[in-house]
Amino acid sequence: MSQTEYQNNNKFSFEIVKRMDGHLGRAGIIHTPHGDIQTPAFMCVGTHGEVRFMSMENLHEIGAQAMLSNGYHLRLQSPEIAAGGGLAAWSGWNSPTLTDSGGFQVMSLGSGIGKVVSMEREKEVLNADPKERLAKVTETGIEFTDPFTGKEEFIGPKESMEIQCRIGADIHMAFDELTSLADDYDYNVEALRRTEDWAQVSLNVHNQHRYDLGYEQALYGVLQGGRWEDLRRSTARKLGSMDFDGYGLGGAFLKKDLGSILKWCNEELPENKPRHLLGLSRPDDIFVGIENGADTFDCVAPSREARHGRIESRNGHFHLNKFKDSDLLLEEGCDCPTCKAGYTRSKLREMYKSDDREVRAKFFELASMHNLRFTLRLCEEARAALLEDRFEEFREDFSRSYYKKSWQEHLLELQARDTKK
């Protein structure tokens, strides 16, 4: 391989192959040093560098394209990961990877509640009393008490970038301050100023270390601003003018506001850079995200809920507790390894209820493969529909099967649910 070929193969870039008429959605390809990601795409969450109860072979078998790991949880192992050649090589995944900054985990120690999308009644969301918080926001970062060791620690943009560059994922997230639903407009203005200051520090430090492991590590700026249009648009313009490789779309907000918030952000951001919607995987979130310009998604829900018996299918989700005597597959026609092997709902329920740890571990693997394949396949099918100019038709058919109502009826139901007193 020539020097030019080596450099090209070890760089990060994004190309758009199809735009959605009348909307911000697009199909594209994210090129990374460890492979391509066909977008829209879902990234499986492997917090500690592996998806719980699943092997890397399992991930490849279900068609996973990328894995997201956590900078906070891997921070102490980061020197070992760097010595192992970076996250893809160290984990054995050897495909595209992403790490988040750790800011979500640290900030969650500070507010206690509210770091989630779609709280039904905002007035019920309260931050923890300051005296009870394990984290304190400063101008330079977050001071926090590690809940496992009791030690006092600090992470700011400099530390986060150094940790992530040692971990060596293909894509990193800039350090940001995530506000909660309980935070008012004035606090969001203050927090957004810090996030924008930290974005510049993140860029500066990341640029010093992005080639430390011999390939280009990309950095996404993270957009906050809560539920306010002026804050979302202004920060999108500011971060969009900075030299980020892509953007993370974050924040705590009501589910009904997701489409508007993505639209405000993505109308301002550069079109030629990828956008990652952080922490969402419900089918309606994915549809709203794709239509409004999100390219990639991640969430722990598919595998976490599988371990608790909540199963996804094209006809809606269900719990295995209800299927003691059922010869049905989890989903007829599903192409996941679990369904192809013929595991019935009653058999999987039996494994789920087993007192044998090995049997339960096997259930966790089988159920996780199914739920993850469901979400991966949804993105694959949505991409194919977008490429063939039939996205709205595909979404309507899916909605009538999964939600038992039209897409518009489902959206109206969400609006009513999130605004009820």
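Structure: above.
Conventions and cut-offs
- Within each chain, residues carry numbers counting from 1 in the order of the written sequence.
- pLDDT decides what is reported in this predicted model: residues at 70 or higher carry local features, side-chain atom pairs at 80 or more are listed and counted, and totals for whole chains, interfaces and linings draw on all residues regardless.
- Where side-chain values are given, they derive from all heavy atoms of the structure, hydrogens and water being excluded.
- Each helix corresponds to a stretch of at least 4 residues labelled H or I by DSSP, and each strand to a stretch of at least 2 residues labelled E; elements are numbered beginning at the N terminus.
- For each residue, the accessible area found with a 1.4 Å probe, counting protein chains only, is set against the maximum for its type, and the residue is called buried under 20%, exposed over 50%, and partly exposed in between.
- In this analysis, two residues are considered to be in contact whenever any of their non-hydrogen atoms come within 4.5 Å of each other.
- Only strands that DSSP links by at least two bridges are regarded as paired with each other.
- Lines fitted to C-alpha atoms define the axes here, with helix axes fitted over just the stretch in contact, and angles between the N-to-C directions of these axes take values from 0 to 180 degrees.
- The term salt bridge refers to a pairing of a side-chain nitrogen on Lys or Arg with a carboxyl oxygen on Asp or Glu at a separation within 4 Å.
- In what follows, roughly perpendicular refers to angles from 65 to 115 degrees, roughly parallel to angles under 35, roughly antiparallel to angles over 145, and oblique to any angle outside these ranges.
- Here the nonpolar group is Ala, Val, Leu, Ile, Met, Phe, Trp, Tyr, Cys and Pro; Asp, Glu, Lys and Arg are the charged ones; every other residue, Gly included, is treated as polar.
- Take the buried Ala, Val, Leu, Ile, Met, Phe, Trp, Tyr and Cys residues and link them wherever side-chain atoms come within 4.5 Å; each set so joined is a nonpolar core.

Asks: Would you mind going over the overall build of the protein with me for this structure?
Replies: The helix and strand inventory of the protein stands at 16 helices and 16 strands. Viewed in the frame of its principal axes, the protein has a C-alpha envelope of about 60 × 60 × 50 Å. The buried share among the 421 residues of the protein stands at 57%. In the protein, of all internal contacts separated by at least 6 residues, the share reaching a separation of at least 24 is 66%.

Asks: In this structure, what is going on with the sheet that holds strand β7 (residues 135-137)? I would like to understand it.
Replies: Strands in a sheet are paired, the pairing made by backbone hydrogen bonds, and the direction either parallel or antiparallel. Spatial strand order, β7-β8-β9: three strands in an open sheet with antiparallel pairing. One side of each edge strand has no neighbouring strand; the edge strands of this open sheet are β7 and β9 (152-155). Going across the sheet, the axis of each strand differs from the next one's by a mean of 20°, ignoring polarity. In the sheet, strand β8 (residues 142-145) pairs with β9 via four bridges, with the strands oriented antiparallel. Within β9, the residue paired with I142 across the bridge is I155.

Asks: Is there a simple way to explain the pattern of salt bridges in this structure?
Replies: Where charged atoms from two side chains of opposite charge approach closely, those side chains can pair. Following the criterion strictly, the structure yields 35 salt bridges and no others. For K158, the salt bridge identified is with E162, shortest N-O distance 2.6 Å. Separated by four residues within a single helix, K158 and E162 lie in helix α6 (residues 157-167), roughly one turn from each other. A salt bridge links D335 to R373; its shortest N-O distance comes to 3.0 Å.

Asks: So what exactly am I meant to see when it comes to the packing of helix α10 (residues 283-291) against helix α16 (residues 407-419) here?
Replies: Helix packing geometry: the angle between the two helix axes and the distance between the axes. In the contact formed by α10 and α16, the axes pass within 12 Å of each other and the chain directions differ by 105°. Classed by the angle they form, the pair α10 and α16 counts as roughly perpendicular. Between α10 and α16, the residues in contact are D284, F287 and V288 and W407, H410 and L414, respectively. Residue classes in the contact of α10 with α16 are distributed as four nonpolar, one polar and one charged.

Asks: It is not clear to me how the nonpolar core should be interpreted in this structure. Could you clarify?
Replies: Buried together is how nonpolar side chains tend to be arranged in soluble globular proteins. Formed by 73 residues in total, the largest nonpolar core has its most connected members in L59 and F244. Counting residues per element, this core draws most heavily on helix α14 (residues 357-387), which supplies 13 residues. With residues near it in sequence (within four places) discarded, L59 still touches C44, V51, M54, A64, M67 and W93. Counting 15 residues, the second-largest nonpolar core is a separate cluster that includes F14, I37, L98 and A218.

Asks: Please explain the packing of helix α7 (residues 185-209) against helix α8 (residues 229-240) as it appears in this structure.
Replies: At a minimum axis separation of 11 Å, α7 and α8 run at an interaxial angle of 10°. What the angle tells us is that α7 and α8 run roughly parallel. Only D230, L231, T235, K238 and L239 of α8 make contact with α7, whose side of the interface consists of Y185, N188, V189, L192, E196 and A199. Residues of the contact of α7 with α8, tallied by class, amount to six nonpolar, two polar and three charged.

Asks: I would appreciate a short explanation of the sheet that holds strand β1 (residues 13-19) in the present structure.
Replies: Reading across from one edge, β1-β2-β3 is the order of the three strands in this open sheet, with antiparallel pairing throughout. The outermost strands of the open sheet, each flanked by one partner alone, are β1 and β3 (35-39). This sheet shows a mean twist of 15° between the axes of neighbouring strands, independent of strand direction. With five bridges connecting them, strand β2 (residues 26-32) and β3 associate as antiparallel partners. Residue pairing across strands places I30 opposite I37, the latter belonging to β3. In this fold α14 packs onto β1, β2 and β3, with an angle of close to 120° to the strand it touches most, β2.

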